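Each chain, written out:
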Amino acid sequence: MRAIESSRVIDEAPRIAKLSQLSLLDEWRSTGHLNFRKKLRVEPHIFDGLVQLVHDHHIFMNNSNNPQLSVHIQLAIFLYRAGHYGNSAAPGEVAQWAGVSLGTVVNCTRRVTVAILSLHDDAIHLPSEEEKERAKAWIESETCPEWWDRWMLADGTKFLLFQRPGLHGDAWFDKIRTILLMRR
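Residues numbered from 1 in each chain as written. Predicted model: local features only at pLDDT ≥ 70, side-chain atom pairs only at ≥ 80, totals over all residues. Heavy atoms only, no water.

Glancing now at the overall build of the protein. The number of helices and strands found in the protein is ten helices and zero strands. The secondary structure elements of the protein, listed N-terminal to C-terminal, are α-α-α-α-α-α-α-α-α-α. Taken across its 184 residues, the protein has 23% of its residues classed as buried. Look at the contacts in the protein between residues 6 or more apart in sequence, and 52% of them connect residues 24 or more apart. On the protein, roughly 14,200 Å² of surface is accessible, and the fraction owed to carbon and sulfur atoms is 56%. (Helix = DSSP H or I, 4+ residues; strand = E, 2+ residues; numbered from the N terminus. Buried < 20%, exposed > 50% of the residue type's maximum accessible area, 1.4 Å probe, protein only. Contact = heavy atoms within 4.5 Å. Areas by Shrake-Rupley, 256 points an atom, 1.4 Å probe, with all protein chains shown as cover.)

Okay, here's the thing in structure tokens:
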């Protein structure tokens, strides 16, 4: 009874095997493989720029005997998690992908979030009126006049639709078919 009362863990769980895939990022960067962008949702040069922006932030400094992971590893973990959703973004899943502990994923996410939010005033710039008008004109020329003063996602993200959209559905599918033909 005394052993049970004085123990925090009665039956230790088996150790979970993890194998980091972070080293693959360097391989994919050098070969120009699309998996770098697929995993982190940014191009390698954007990733490098982000590292340069946040690497001197005080959140990444400590006076502990247990040093933090390097900033580029913490940023990679953050971007992988931010670029996924559902179960794929769960700390446990990210921990297995990165080969780190669950707590490390949580700490990396928190640190990088703090560092990026500190850049808000320097990094977030809303488009000027001229840029907005140019974007509206481009959207009208590429789709239809009814999109003017509306919003849409134009970063290449694909939407899987189970049926044709009600408003300008034919134009939507014509546009997708045109894009697919142009890529061939």
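Below, the discussion takes up unusual backbone geometry. Not every positive phi belongs to a glycine, and R41 is a case in point at roughly 65°. Relative to the helices and strands, R41 is located in the loop between α3 (35-40) and α4 (44-54).

Okay, the nonpolar core next. Residues L25, L40, F47 and I77 are the most contacted members of the largest nonpolar core, which totals 29 residues. Looking at this core, the element that brings in the most residues is helix α5 (residues 71-82), giving eight residues. Setting aside residues up to four positions removed in sequence, L25 forms contacts with F36, K39, L40, A76 and W97. (Core = buried A, V, L, I, M, F, W, Y, C linked by side-chain atoms within 4.5 Å.)

With respect to the helices and strands, K39 occurs in helix α3. Of the side chains with opposite charge, E93 comes closest to the buried, unpaired K39, at an N-O distance of 11 Å. Residues within four places of K39 in sequence aside, it is in contact with L25, W28, L79, Y80, H84 and W97. (Lys, Arg positive; Asp, Glu negative; His and termini not counted. Salt bridge = Lys/Arg side-chain N within 4 Å of Asp/Glu carboxyl O.)

Let us look at the packing of α5 against helix α7 (residues 102-117). Axes are the key here: two packed helices are described by the angle between their axes and the distance separating the axes. Interaxial distance between α5 and α7 falls to 8 Å at its minimum, and their mutual angle equals 95°. On the basis of their axis angle, the class for α5 and α7 is roughly perpendicular. Packed against α5, whose contacting residues are Q74, L75, I77, F78 and R81, the element α7 presents V105, V106, C108, T109, R111, V112, T113 and I116 at the interface. Of the residues assigned to the contact of α5 with α7, the class counts are eight nonpolar, three polar and two charged. (Axes fitted to C-alpha atoms, helices over the stretch in contact; angles between N-to-C directions. Parallel < 35°, antiparallel > 145°, perpendicular 65-115°, else oblique. Nonpolar A, V, L, I, M, F, W, Y, C, P; charged D, E, K, R; others polar.)

Quick look at the side chain of Q68 now. In this fold, Q68 is placed in the loop between α4 and α5. Within the local environment of Q68, its side chain forms a polar contact with the backbone oxygen of I59, the two atoms lying 3.2 Å apart. Polar side-chain contacts of Q68 include one of 3.0 Å to the side chain of Q74. With residues up to four places along the chain from it excluded, the contact list for Q68 reads I59, F60, M61, N62, Q74 and R111. (Polar contact = N/O pair within 3.5 Å; in protein donor to acceptor, adjacent residues only side chain to side chain.)

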